[in-house]
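One letter stands for each residue in the lines below.
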Amino acid sequence: MTTPSESRATAERELCGLVNGLAQQIADHVRDRAVVLGLTPAQATALRELTGPMTMRELAERMSCEPSNATFVVDKLEKQGLIERHPHPTDRRARHLVLTEEGTALRERLLQLLTQESPLAGLSLDQQRILHGLLQQAVIRR
């Protein structure tokens, strides 16, 4: 006879496996699309997350990495002419990361590639919103 604790543990183990599997599929997908554009997966992630001017710390949070790692990635993107550092409008100690015209065009191409055959493509928009809400709720409860 299975106890409620065993049932819950089994469900959580299976769910963790699914979440990890999906994360790996997404990482593989990003890597495969990044290569097409001559980017590393980290550079592709940075471009995907740069939805507007933001600080290095904000970008690092979105990339789920340390600011020093984001700095390394941004330095490479800056050398490629894809990102510029501008003065922050309200904090003279901070800099805003801003996509250049070339960076904006490459980001748009990347976003198009990322939506093609995405691991989430089998879900409708409503299902994606539901999954988003459930995952957000699980992450916030930590």
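The sections below set out a description of the structure shown in this document. As the structure is a computational prediction, the values presented were derived from the model and not from experiment.

## Points about the nonpolar core
- With 23 residues, the main nonpolar core has L39, L47, L50, L59, L77, I83 and L97 as its most contacted residues.
- Going through the elements one at a time, α1 (4-36), α2 (41-49), α3 (56-63), α4 (67-79), β2 (95-99) and α5 (101-115) are the ones with two or more residues in this core.
- In contact with L50, not counting residues within four places along its chain, are L59, I83, L97, L99 and R107.

## Considering unusual backbone geometry
- If you check the backbone angles, S64 has positive phi at about 60° while not being a glycine.
- Mapped onto the secondary structure, S64 falls in the loop between α3 and α4.
- For E117, which is not glycine, the phi torsion reads 55° and is therefore positive.
- Mapped onto the secondary structure, E117 falls in the loop between α5 and α6 (125-140).

## Notes on the environment of P119
- Secondary-structure assignment places P119 in the loop between α5 and α6.
- Here the alpha-carbon distance between P119 and A23, two residues 96 residues apart in the chain, equals 9.2 Å.
- Non-local contacts of P119, meaning those with residues more than four positions away in its chain, are made with L22, Q25, I26 and H29.

## Comments concerning the packing of α3 against α4
- Two elements in contact, α3 and α4, have axes separated by 8 Å at closest approach and are oriented at 100°. On the basis of the axis angle, α3 is roughly perpendicular to α4. Between α3, through M56, R57, L59, A60 and M63, and α4, the contact on the second element is made entirely by P67, A70, T71, V73 and V74.
- The residue makeup of the contact of α3 with α4, split by class, is 8 nonpolar, 1 polar and 1 charged.

## Overview of the pattern of salt bridges
- Per the stated rule, a full pass over the model turns up 9 salt bridges.
- For the salt bridge of D32 with R31, the shortest nitrogen-to-oxygen distance reads 3.6 Å.
- Looking at D32, the relative accessible area reads 40%, which means it is partly exposed.
- Taking the shortest distance from any N to any O, the salt bridge between D126 and R129 comes out at 3.2 Å. Here D126 pairs with R129, and both are found in helix α6, just 3 residues apart, close to one helical turn. For the pair formed by D126 and R129, the shared burial category is exposed.
- Residues joined in a network through salt bridges with shared partners are D28, R31 and D32.

Scoring rules and cut-offs
- Residues numbered from 1 in each chain as written.
- Predicted model: local features only at pLDDT ≥ 70, side-chain atom pairs only at ≥ 80, totals over all residues.
- Heavy atoms only, no water.
- Core = buried A, V, L, I, M, F, W, Y, C linked by side-chain atoms within 4.5 Å.
- Buried < 20%, exposed > 50% of the residue type's maximum accessible area, 1.4 Å probe, protein only.
- Helix = DSSP H or I, 4+ residues; strand = E, 2+ residues; numbered from the N terminus.
- Contact = heavy atoms within 4.5 Å.
- Axes fitted to C-alpha atoms, helices over the stretch in contact; angles between N-to-C directions.
- Parallel < 35°, antiparallel > 145°, perpendicular 65-115°, else oblique.
- Nonpolar A, V, L, I, M, F, W, Y, C, P; charged D, E, K, R; others polar.
- Salt bridge = Lys/Arg side-chain N within 4 Å of Asp/Glu carboxyl O.

In short, geometric facts, not functional conclusions.
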